[in-house]
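The chain contents come next:
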Amino acid sequence: MSRRGAVVALVLWSAVAVSGPVWAQGAPGRPRPARPPAAAPAPRPDATAAAPDGRNAPVTVDADQLENIQKEGLVVFTGNVVATQNGSTQWADRMEVYLDDKGDRIVRTVSTGNVRIITRDCRSGTAKRAEYFDAEQRVVLIGNARVWRDDNVVTGERITIYLAEDRSLVEGGQQERVKAVFYPKSQDEAAARPKPAAGQCS
C-alpha cells in the first residue's frame, strides 16, 4: 500500500504465526461432519499465557506505509510509526522488523528518525536510533541517547535497557561523557507515591 496518508496496522505474534481457522476434512468416502455453530474465536494461547516479561504478547504497529520483503524476512514501516507491546510504546519515522526463518517471530527491530520510547516500567527515552532484541528483551538507544524517569535523567552516546531485569547500561562517546542527574526523595515522598501499573505511565 503506497498511497500517502494511508494507515497500516499489523499485529505480529512473537510465538505463533497469524492464520485463519481451518476446518478438518472428512475421510474419503465418509460424509463431511457438519460445521459446528458459530462461536466466538478462542483466544490465542500466547495471548492468555504470556510470559511475565510480556515476550509472547502481540506487537501492534501502526504506520503510514508498510513494505513486506518476504525473501529477507523483513517488514519495513515508514511514516509516523507507533509500535506497542505489553505496555511499552515506541515512536519513530521508520522501523525495520526482522523475523525468524519461519516468518512468525520477531527477532529484532531497528528504528530511526525521531525515536522515542516509553517502557512498561515508565522509563522514557529518546535517541537517533533504537534497536530491540527480542530474545534478550533488550533495547539499545544509540546517538545522543537520553533516558529519564520522574525527575532523574541519564544521557550518553549509547544506553542499553534490559527490560526483564530492570537494569540499564549507559556508555559515553568520544566527544561526551556519561551524565546523570538524580533527585533524592525522602522516605515519606517515596511511600506516598503509588507505583503505576504497567502501561499506565503519567
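Each remark here, short or long, concerns the structure printed above.
Definitions and limits used
- Residues numbered from 1 in each chain as written.
- Predicted model: local features only at pLDDT ≥ 70, side-chain atom pairs only at ≥ 80, totals over all residues.
- Heavy atoms only, no water.
- Helix = DSSP H or I, 4+ residues; strand = E, 2+ residues; numbered from the N terminus.
- Buried < 20%, exposed > 50% of the residue type's maximum accessible area, 1.4 Å probe, protein only.
- Contact = heavy atoms within 4.5 Å.
- Areas by Shrake-Rupley, 256 points an atom, 1.4 Å probe, with all protein chains shown as cover.
- Polar contact = N/O pair within 3.5 Å; in protein donor to acceptor, adjacent residues only side chain to side chain.
- Salt bridge = Lys/Arg side-chain N within 4 Å of Asp/Glu carboxyl O.
- Pairing = 2+ DSSP bridges.

**Q** I tried to follow the overall build of the protein chain on my own but got confused; where do I start?
**A** Secondary structure assignment for the protein chain yields two helices and 11 strands. When the helices and strands of the protein chain are placed in sequence order, the string is β-α-β-β-β-β-β-β-β-β-β-β-α. Counting all 202 residues of the protein chain, 33% fall into the buried class. Here the contacts in the protein chain between residues at least 6 apart in sequence split such that 41% fall between residues at least 24 apart. Carbon together with sulfur atoms contributes 51% to the accessible area of the protein chain, which is approximately 13,200 Å² in total.

**Q** What am I meant to see in the environment of Ser111 here?
**A** When you line up the elements, Ser111 lands in strand β6 (residues 106-118). For the pair formed by Ser111 and Trp91, sequence separation is 20 residues and the distance between their alpha carbons is 8.3 Å. Setting aside residues no more than four positions away along its own chain, Ser111 makes contact with Gln90, Ala92, Arg94, Met95, Lys128, Arg129 and Ala130. Polar contacts involving the side chain of Ser111 include one to the side chain of Gln90, which spans 2.3 Å.

**Q** I tried to follow the environment of Gln175 on my own but got confused; where do I start?
**A** As for its position among the elements, Gln175 is in the loop between β10 (167-171) and β11 (179-181). Once the C-alpha coordinates of Gln175 and Glu157 are considered, the two residues, 18 residues apart in sequence, prove to be 9.0 Å apart.

**Q** How should I be thinking about the pattern of salt bridges in this particular structure?
**A** Enumeration according to the criterion identifies 11 salt bridges in this entry. Taking the shortest distance from any N to any O, the salt bridge between Arg123 and Asp166 comes out at 3.8 Å. Of this pair, Arg123 sits in the loop between β6 and β7 (124-133) while Asp166 is found in the loop between β9 (152-162) and β10, placing the two residues 43 residues apart along the sequence. Where salt bridges share partners, they join Asp121, Arg123, Arg149 and Asp166 into one cluster.

**Q** Please explain the pairing of strand β4 (residues 74-85) as it appears in this structure.
**A** The two faces of the sheet receive side chains in turn, since in a regular strand these alternate between them. Sheet topology places strand β2 (residues 59-63) next to β4; three bridges connect them, and they run antiparallel. Across the sheet, the residue bridging to Thr60 is Thr84, located in β4. Strand direction decides the pairing type here: strand β3 (residues 65-69) and β4, joined by five bridges, are antiparallel. Note on β4: the bridge partner recorded for Glu67 is Val76. From the end of β3 to the start of β4, which pair antiparallel, there are four residues, and Gly73 there has a positive phi angle of about 60 degrees. Across 10 bridges, the pairing between β4 and strand β5 (residues 88-99) is antiparallel. Its bridge partner lying in β5, Ala83 is registered against Gln90. The loop that links β4 with its antiparallel partner β5 comprises two residues; one of these, Asn86, has a positive phi angle of about 50 degrees.

So far we have only geometry, and geometry alone does not tell us how the molecule works.
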